[in-house]
Amino acid sequence: MGSPVVVMGVSGSGKSTVGAALAQRLRVPFADADDFHSPENIAKMSSGQPLDDADRRPWLADIGRWLAEHSDGGVMSCSALKRSYRDLLREHVPSVVFAHLEGSVEVIARRQASRPGHFMPSALLRSQFDTLEPLDPAERDVTVDVDRDVDTIIDDLVVALPAVEEN
Ligand SMILES: Nc1ncnc2c1ncn2[C@@H]1O[C@H](COP(=O)(O)OP(=O)(O)OP(=O)(O)O)[C@@H](O)[C@H]1O
Ligand SMILES: O=C(O)[C@H](O)[C@@H](O)[C@H](O)[C@H](O)CO
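Residues numbered from 1 in each chain as written. Chains lettered and ligands numbered in written order. Predicted model: local features only at pLDDT ≥ 70, side-chain atom pairs only at ≥ 80, totals over all residues. Heavy atoms only, no water.

**Focus on the site of ligand 2**
Around ligand 2 lies a shell formed by Ser 11, Lys 15, Asp 34, His 37, Met 45, Arg 56, Trp 59, Ser 79, His 118, Phe 119, Met 120 and Gln 128. At a separation of 3.0 Å, an oxygen atom of ligand 2 approaches a polar side-chain atom of Asp 34. His 37 has a polar side-chain atom sitting 2.7 Å from an oxygen atom of ligand 2. Relative to its unbound accessible area of 330 Å², ligand 2 is 98% covered by the protein chains. Taken together, the residues that form the shell around ligand 2 break down as 4 nonpolar, 5 polar and 3 charged. (Near = heavy atom within 4 Å. Polar contact = N/O pair within 3.5 Å; in protein donor to acceptor, adjacent residues only side chain to side chain. Areas by Shrake-Rupley, 256 points an atom, 1.4 Å probe, with all protein chains shown as cover. Nonpolar A, V, L, I, M, F, W, Y, C, P; charged D, E, K, R; others polar.)

Spelled out as structure tokens, the structure:
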């Protein structure tokens, strides 16, 4: 019996890339939280304003429902920046495991800059880091360094994830 995985991190950390590759490796369904945003949220971010808790609440509820529907296995890429957001998702699926793609502002800004045409302006990266509450050791989840190639990150994750589930 598997658990759903949320690949989390700031915008540009590689959630979509790593999440899709991880789902393929685990042979489970994949979804990207970017596709769950309302048109209002997309318009707000596109205009350079960060989302607030109220903007994120209904979005997180939809993501929680997807996780509950995939409680025996699935990968969701979702920023899940705050502990309270992760706790909300845990209310939907207590067994959910978070994998934080951690990287420096410099590395992630470089990647964002080389990704044209995305709705998230690079100017919002600072607010993403300001909002980010990294995983607390008490959360028993997994943190990986993003400054490596995708295959290496996936190799690390497939080793680390079952160990977390056994806790
Ligand atoms: N490990 C990696 N090494 C090199 N480039 C990477 C790596 N992971 C992702 N990238 C590249 O960095 C950019 C950002 O990645 P991606 O879109 O997956 O991030 P994201 O966290 O999903 O961003 P957002 O939340 O803003 O949609 C993309 O151009 C992607 O190809
Ligand atoms: O919580 C948030 O502020 C949002 O999820 C953003 O992080 C973006 O949706 C995403 O990362 C696209 O760039």
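**Quick notes on the site of ligand 1**
In the vicinity of ligand 1 lie 16 residues, with Ser 11, Lys 15, Ser 16, Thr 17 and Arg 148 positioned nearest. Lys 15 places a polar side-chain atom, nitrogen or oxygen, 2.6 Å from an oxygen atom of ligand 1. Compared with its free state, where it exposes 630 Å², ligand 1 has 79% of that area covered by protein. Listed by contribution, the elements that provide at least two residues to the shell around ligand 1 are helix H1 (15-26) and helix H7 (150-166). (Helix = DSSP H or I, 4+ residues; strand = E, 2+ residues; numbered from the N terminus.)

**Some points on the pattern of salt bridges**
Applying the stated criterion to the full structure yields 13 salt bridges. Put simply, Asp 155 and Arg 25 hold a salt bridge, and the shortest N to O gap is 2.5 Å. With a gap of 130 residues between them, Asp 155 in helix H7 and Arg 25 in helix H1 connect regions that are remote in the sequence. For Arg 25, a relative accessible area of 41% translates into the label partly exposed. As a salt-bridge pair, Asp 53 and Lys 82 come within 2.9 Å of each other at their nearest N and O atoms. Taken as a pair, Asp 53 in helix H3 (residues 53-69) and Lys 82 in the loop between strand S3 (74-77) and helix H4 (83-92) lie far apart in primary sequence, 29 residues in all. One continuous salt-bridge network, built from bridges that share partners, spans Arg 83, Arg 86, Asp 87, Arg 90, Glu 139 and Asp 141. (Salt bridge = Lys/Arg side-chain N within 4 Å of Asp/Glu carboxyl O. Buried < 20%, exposed > 50% of the residue type's maximum accessible area, 1.4 Å probe, protein only.)

**Digging into the sheet that holds strand S4 (residues 97-102)**
On the basis of which strands lie adjacent, the open sheet formed by 5 strands has the order S2-S3-S1-S4-S5 and parallel pairing. Each edge of the sheet is formed by a strand with only one pairing partner; in this case those strands are strand S2 (30-32) and strand S5 (142-145). Between one strand and the next, the sheet's axes are offset by a mean angle of 20 degrees, whatever the strand orientation. Sheet analysis places S4 next to S5, joined by 4 bridges and oriented parallel. The partner of His 100 across the bridge, within S5, is Thr 143. On top of the sheet, H1 reaches strand S1 (4-8), S2, S3 and S4; it is set at about 175 degrees to S3, its chief contact. (Pairing = 2+ DSSP bridges. Axes fitted to C-alpha atoms, helices over the stretch in contact; angles between N-to-C directions. Contact = heavy atoms within 4.5 Å.)

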